[in-house]
Amino acid sequence: MNAESVEAPFSGVVLVNRGDETLLAEASGYAHRAHGVENTVDTRFAIASGTKGFTALVVVGLIAEGRLELSTRARAVLGDDLPLIDDRVTVEHLLTHTSGIGDYCDDENPPETPPGLVTSADYLAALDGYPQQFPPGERFHYHNGAFAVLALIAERVAGVPFADLVRTRVTEPAGMADTAFLRSDALPARTATGYLEDGRTNVFSLPVVGFGDGGIYSSAPDFRKFWPAFLDGRLVPGEWVDRMLRGAGYGLGFRLPRPGVVRLEGGDHGVTFVSLHQPSSGVTATLISNDHRGGGPLLRQLDEFLTKA
């Protein structure tokens, strides 16, 4: 597998490992085009909806501690906020994309990204005013806003800012030192700027700071640490690991593309991210890019690689 074999230039990182053994590690393209800064294997990238898995872990951790339940109704925590959310919507509905609530960022009919999203108060305002789409539990419909609502719920139950919850409950226990919510307009060194199809940066196309539905920054090597930490019960108790990975195609915050494989993914303006893990073989395959078109053929090769592991 070689990034140079892709028809369109690939900008990003591909990393495949089996436990501590590195099977493939390639970086190509530029983290910052104007300054000629090349991507390296440990470059940090935005991972868009890959963040949802971290949100699910925070929420499930609070459930395991008895501070929430899957059956907790969102209204019980939100109070008078977001009044258009059906009173029957539960935490489980939100985690499984079956809530039916209106979505401020619908992938099928994407609106303009609300400007200036930085704080949880900003997200609360952005989430308001969208009517319920269908009765809770009626069907699966992939939903961004539901995970932003889950972040609000987690903050209110824990009394701690959501970014701090992710840090203390997910990234620090997993040893993910390169994973954090960064300001997209003030990226530090060793962090890739995202690029749109016309060559502009994505700084005006995404929230300033991510939240429960997306926008955290991470690196491919951090995901070789994440999957063992999650599956070994270091982030949530083992019985909850099993529950999160149970379902037809989607569990609690994680995609289940086929038996024996779990997947996190994200795609947005200037962002492509996929990390696949096969517990039976211990193989993790991660592709992360600062171009939303990046890696189509490589993604297929990664999936094929995993089937042969």
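Asks: How should I be thinking about helix 6 (residues 162–174) in this particular structure?
Replies: With 13 residues, helix 6 ought to run about 18 Å at 1.5 Å a step, and its terminal C-alpha atoms sit 17 Å apart, in line with that. Of all the bends in helix 6, the greatest, near 35°, is centred on Thr168. When helix 6 is considered as a whole, its buried residues turn out to be Phe162, Leu165, Val166, Arg169, Val170, Thr171 and Ala174.

Asks: Is there a simple way to think about the packing of aromatic side chains in this case?
Replies: The relation between two aromatic rings is expressed through the spacing of the ring centres and the mutual angle of the planes. According to the stated counting rule, one finds 14 aromatic pairs in the structure shown. Judged by centre distance (5.1 Å) and plane angle (70°), the ring pair of Phe226 and Trp227 falls under edge-to-face. On the accessibility criterion, Trp227 (0% relative accessible area) is buried. Following the ring pairs from residue to residue traces out a cluster consisting of Phe54, Phe223, Phe226, Trp227, Phe230, Phe254 and Phe273.

Asks: Looking at this structure, I do not really get the side chain of Ser219. What am I missing?
Replies: Tracing the chain through its elements places Ser219 in the loop between strand 6 (217–218) and helix 7 (220–231). You can call Ser219 buried: its relative accessible area is 0%. Residues within four places of Ser219 in sequence aside, it is in contact with Asp42, Thr43, Arg44, Asp178 and Ile288.

Asks: Where do I start with the sheet that holds strand 1 (residues 12–18) in this structure?
Replies: Hydrogen bonds along the backbone pair up the strands of a sheet, which may run parallel or antiparallel. Read across the open sheet, the six strands follow the order 2-1-10-9-8-7; overall the sheet is antiparallel. Only two strands of the sheet have a single neighbouring strand rather than two, namely strand 2 (21–28) and strand 7 (255–258). This sheet shows a mean twist of 15° between the axes of neighbouring strands, independent of strand direction. By the bridge criterion, seven bridges tie strand 8 (residues 261–268) to strand 9 (residues 271–278) in an arrangement that is antiparallel. Within strand 9, the position partnered with Asp268 by the bridge is Val271.

The rules behind these values
Residues numbered from 1 in each chain as written. Predicted model: local features only at pLDDT ≥ 70, side-chain atom pairs only at ≥ 80, totals over all residues. Heavy atoms only, no water. Helix = DSSP H or I, 4+ residues; strand = E, 2+ residues; numbered from the N terminus. Expected span 1.5 Å × (residues − 1). Bend = angle between axes of the 7 residues up to and from the residue. Buried < 20%, exposed > 50% of the residue type's maximum accessible area, 1.4 Å probe, protein only. Phe/Tyr/Trp six-rings, centres within 6.5 Å; stacked < 30°, edge-to-face > 60°. Contact = heavy atoms within 4.5 Å. Pairing = 2+ DSSP bridges. Axes fitted to C-alpha atoms, helices over the stretch in contact; angles between N-to-C directions.

Purely geometric numbers; function is a separate question.
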